[in-house]
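Read off the chains here:
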Amino acid sequence: MEKKIVLSGIRATGHLHLGNYYGALRNFVEMQQEYDCRYFIADYHSLTTQPDASLLNDNVRSILAEYLAAGLDPNRCMLYVQSDVPETCEFYTLLNMHAYLGELEKTVAFKDKARKQPNNVNAGLLTYPVLMAADILQHKAHYVPVGKDQLQHLEMARNFANRFNHFYGCDFLVPPYPYEAKGEPVKVPGLDGSGKMGKSEGNCIFLNDDDRTVERKVRKAVTDMTPTEPDSPMSEPIQNLFVLLRLVAEKSVADQYLAAWNDCSIRYGDLKKEIAQGIIKVISPMRERYEQLYADTDYLNKVRREGAERVRAIVRESLDEMRRLMGIRMF
Ligand code: TRP
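First, a word on scope: everything that follows refers to the structure included in this document.

Calculation rules
Residues numbered from 1 in each chain as written. Predicted model: local features only at pLDDT ≥ 70, side-chain atom pairs only at ≥ 80, totals over all residues. Heavy atoms only, no water. Helix = DSSP H or I, 4+ residues; strand = E, 2+ residues; numbered from the N terminus. Buried < 20%, exposed > 50% of the residue type's maximum accessible area, 1.4 Å probe, protein only. Near = heavy atom within 4 Å. Polar contact = N/O pair within 3.5 Å; in protein donor to acceptor, adjacent residues only side chain to side chain. Areas by Shrake-Rupley, 256 points an atom, 1.4 Å probe, with all protein chains shown as cover. Nonpolar A, V, L, I, M, F, W, Y, C, P; charged D, E, K, R; others polar. Salt bridge = Lys/Arg side-chain N within 4 Å of Asp/Glu carboxyl O. Phe/Tyr/Trp six-rings, centres within 6.5 Å; stacked < 30°, edge-to-face > 60°. Lys NZ or Arg CZ within 6 Å of the ring centre and 35° of its normal.

### As for unusual backbone geometry
- Unusually for a residue other than glycine, Lys140 sits at a positive phi of about 55°.
- Positionally, Lys140 belongs in the loop between helix 8 (128-137) and strand 4 (143-144).
- For Lys140, a relative accessible area of 31% puts it in the partly exposed group.

Spelled out as structure tokens, the structure:
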């Protein structure tokens, strides 16, 4: 049976963190077995909010190196950079003719960003969902792993696909659905006591943080007073530390700390050391590979070139069919 196609895109806005790793990247590595996986770095999308030429190229490089360091294998998946595949832009132009101003203006992410950057409400921001739909539809991807904040964009991609098919009386475009990871979704909490680890929250452990940085960040994590009475409720910051501990430590170790919390003998300093050591064990081998890869310009460029070549051959066919359906041809 043909493998189902999974497409994932990530904007290039800096280093990946532990939340990205447990929430997505670790699954991406596993998914390479079962699916026809295509992973790309959405550098055009990054430009809609952060048109800083001095940062973009390095952000693309670091994500590519981090992806490879985590175990994405260019022989088992397609790995590429959005701007290396110019076919996407043509696909996007064609798709734009079936995207309406009204629906684009109503998009939550658009309204949000327009509010945040009132002096740069550029057309790229408005048509962000169309470019994202082009990314996806040109692959005829079945599934797209997305967080909650991208569900609306994915729904729009489905709408564009269905609308296009209806308009031209075909079933050419494949409406994409969210990829549902197996098991419980993993939520990595931040170190600041509440919520999840996120770049904009400034509470992250980055995959390229060195051991001392990890130790320092975990040492500063928010806690409460050590419990004094058995059966007192556990505060959110401590619950979060236990979530982190369960992610990175052996079950028996985590159980031990929970027992110590329950009988009020826990010392948060020890708990934090355990967490820091666990995190270091997970990320330091990746960081070492990352550093080598990051410095290997020839290899990174080879991955980019070969990735783009494979993807271009595939999306070229979609684009040709798209053009044909829309009546674009030589006399
Ligand atoms: N909008 C996505 C995000 O910010 C990134 C993205 C761009 C994407 N194109 C995509 C994700 C195509 C999946 C598929 O997270």
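### Quick word on the site of the ligand
- The ligand sits among Gly9, Arg11, Phe40, Ala42, His45, Tyr128, Met132, Asp135, Ile136, Val144 and Gln150.
- Measuring from an oxygen atom of the ligand, one finds a side-chain N or O atom of Arg11 at 2.8 Å.
- For the ligand, a nitrogen atom lies 2.8 Å from a polar atom in the side chain of Gln150.
- Relative to its unbound accessible area of 360 Å², the ligand is 93% covered by the protein chains.
- At the level of secondary structure, the elements contributing two or more residues to the shell around the ligand comprise strand 1 (5-11), strand 2 (36-42) and helix 8.
- It is helix 8 that contributes the most residues to the shell around the ligand, 4 residues altogether.
- Across the shell around the ligand, the residue classes tally to 6 nonpolar, 3 polar and 2 charged.

### Some words on the pattern of salt bridges
- In total, this model carries 18 salt bridges according to the counting rule given.
- Salt bridges sharing partners connect three or more residues here, namely Asp112, Arg115 and Lys116.

### Here we look at the packing of aromatic side chains
- The full count for this structure, using the stated rule, is 12 aromatic pairs.
- Each member of the aromatic cluster is reached from another via a ring pair, and the members are Phe164, Phe167, Tyr168 and Phe172.
- Directly above the ring of Tyr294 sits Arg61, whose terminal nitrogen or CZ lies 5.2 Å from the centroid.
- The cationic tip of Lys113 hangs over the ring face of Tyr128; the distance from NZ or CZ to the ring centre is 4.3 Å.

These results come straight from atomic positions and should not be treated as a statement about function.
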